[in-house]
Amino acid sequence: MAERVEQRLEDRVSELEQLERVGLFTRKEIKAVLRKASALEYKIQRRALRKEDFLTYIQYEINLLELIKKRRARIGYSFKKDEIEHSILQRVHSLFNRAVGKWKDDVQLWLSHVAFCKQWNSKHQLSKVFSSMLAIHSNKPELWIMAAKWEMETQLSSESARRLFLRALRFHPECPKLYQEYFRMELMHAEKQRKEKKAFEQAKMDLGEFSYSEEILNGEMARIIYRDAAGKIKGVQFHLAVLSIAKLFDFTQDLQKEILESLQAKYADDPLTWDYMARRELEMGSPQSTGHSTKQMKVSEMTQREERCCAVFEEAVRAVPTEDMWKYYITFCLERYNRKTNSEELKQKRLERILSVFNKAHESNLLLEAFYKQWLQLLLECNLSEKATEVVEAATKRFSQSVEMWQMRLQVLIQLKSDDVAQCFEEAVKHMKSKGSLPLWTLWVEWSEGTNSEKDTEALYQRSLRATAPSESVTMKEKYLDWTYRNGGYKKAKRLFTSLCENRPFSLDFFRKMIQIEKEQESCKMLHLREYYERALREFGSTGSDLWLDYIKEELSHPQGKPENCGSIHWRAMKMLQGDLVEDFISKYTLLQTGHL
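Just so it is clear, the model here is predicted, and its values are computed rather than measured.

Right, let's talk about the domain arrangement of the protein for a bit. Domain boundaries in the protein define domain 1 (1–103) and domain 2 (520–596). Its C-alpha centre places domain 1 at a distance of 58 Å from the equivalent point of domain 2.

Okay, here's the thing in structure tokens:
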């Protein structure tokens, strides 16, 4: 191993001598580079190789290249690059080749080599890297696309890019992304040839026997790719993706027409097709001269476009009456409504339109649950409270098992100060099972606190404890304790706490709330605090390292505390805490002893 390391260090001598001779590095820096290189070489010559050692070595060499580049710029010296940089670049490529040879499955390692080649313009080497990488990772379409794009955009070789795409499609014959990028590449090639031809014609140059193929110039290769793909790949998304690519090129009108016709013929019942056809109307404005358009004319033009879109959507919901179709229609109307405009007239039309569409979908029983909230918000903003009440009542009948829908209905009634709130709460909890009803009970007691008598509210809290699932009742216990303290004072809260402690489960916050209540009293008694901490630790002693620490702090800081109890508490904590919590407790306890906590 030592011989190999020595040989590799000797290979560096000529480049290091050049660095010193031309004044880019000092002798001291050269020795430092040799020491570092020696240490890095030994690490990658061991039997048990580590990927991290290769990456560290590669990064060191890249940093060295960057430093040389900066110093060249500073002193204005640009010679001897073959003797210096070329040697380092070859070494980095060699390191990468060894690393990917050992860890072939690490795609990120391959991509790091690709990025290095691009950064240092190692085109010949990059071609080899892509070739090796694709031989091993032929199952990853994105790598084929990356290689083909490099051939097309950097190497300017459409032929090489085409070969790569064709090879990739043999491995992935039904990959939409591959077809899309191949389609794009052929259109880019056609555009490039069109520009070349135009330039030659303008220069009136004689091309001799050479001629441009009209088929290629018109994008026929892309058409062939599309037709091949359309026979294998199903779904509207692919057609829309290639259509959006075709629209980027101004010579593809016929191709766009073919894709659109195919889309309408094959997927006439797909809501996404209708959504595209409707939105297309926004782009198809009447041929007006924008130079002389007044503000009113622009508003009128936009109104007409939006109305044409809605006409298509109206046809769509008749042809495909589904929740999905209405979803696209409503989403479009909401987008237009939320779009900023200085025209009050246009804003009002958009508001009327979205309210009308919401209503139609609702009456068809095809309005998604998620949209009701937005509709109700708009109705309330427009002071249409009667309509809002009617809508939300119908919604809870349709979605009678939805907690969110009942919450929405109750919030609307509370906001409108309706007399039917209590009755609606009763109806809601009757429909809902105990599990999942917590939001309703929370809302109910909060409303009762501000509306009903203390007696009624207390009865409601007690009822909620029986009605909610055990896991959800813990939240109601916390709220009940807090409300009792705020309205009945300390003694009543203490009695309630003792009573509630008879019924598990509890939350840690329930005990912490009682501890906080005790500490707020002028005559805060350590005896009571111990009781609360002990009760809490019986439930959460195995998981609450902070709870043990707070107990110890209380004994140390309270006037009635007993510091001699701390050792016993510490010993109990060490026995009860589980796993990593023991270490966490020890480190925090040490900080507490040193006064840093």
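That covers the picture; the talk isn't over yet.
Of all hydrophobic cores here, the largest spans 122 residues; its most connected members are Phe183, Ile330, Ile354, Phe358 and Tyr372. Each residue touching isoleucine 330, except ones within four places of it in the same chain, is listed here: Ile354, Val357, Phe358, Ala361, Leu367 and Phe371. Counting 56 residues, the second largest nonpolar core, distinct from the first, contains Phe425, Val445, Tyr490 and Ala573.

It is worth spelling out the side chain of threonine 457 at this point. Checked against the element boundaries, threonine 457 lands in helix α23 (residues 454–467). Here serine 448 takes part through its side chain, which lies 2.9 Å from a polar atom of the side chain of threonine 457. Setting aside its immediate chain neighbours within four residues, threonine 457 contacts Ser448, Glu449, Asn452 and Trp483.

To continue, consider helix α1 (residues 2–21). Taking 1.5 Å of rise per residue, 20 residues should cover 28 Å, and α1 covers 28 Å from first to last C-alpha, within 8% of that figure. A bend of about 35 degrees at valine 13 is the largest found in α1. Buried within α1 are the following residues: Val5, Leu9, Arg12, Glu15, Leu16, Gln18 and Leu19. Tucked into the core, α1 has its buried residues touching α2 (27–44), α3 (51–75) and α4 (85–102). One or two steps after α1, the chain reaches glycine 23, where phi turns positive at roughly 85 degrees.

Reading the values: rules and limits
Residues numbered from 1 in each chain as written. Predicted model: local features only at pLDDT ≥ 70, side-chain atom pairs only at ≥ 80, totals over all residues. Heavy atoms only, no water. Domains from an automatic or database assignment. Core = buried A, V, L, I, M, F, W, Y, C linked by side-chain atoms within 4.5 Å. Buried < 20%, exposed > 50% of the residue type's maximum accessible area, 1.4 Å probe, protein only. Contact = heavy atoms within 4.5 Å. Helix = DSSP H or I, 4+ residues; strand = E, 2+ residues; numbered from the N terminus. Polar contact = N/O pair within 3.5 Å; in protein donor to acceptor, adjacent residues only side chain to side chain. Expected span 1.5 Å × (residues − 1). Bend = angle between axes of the 7 residues up to and from the residue.

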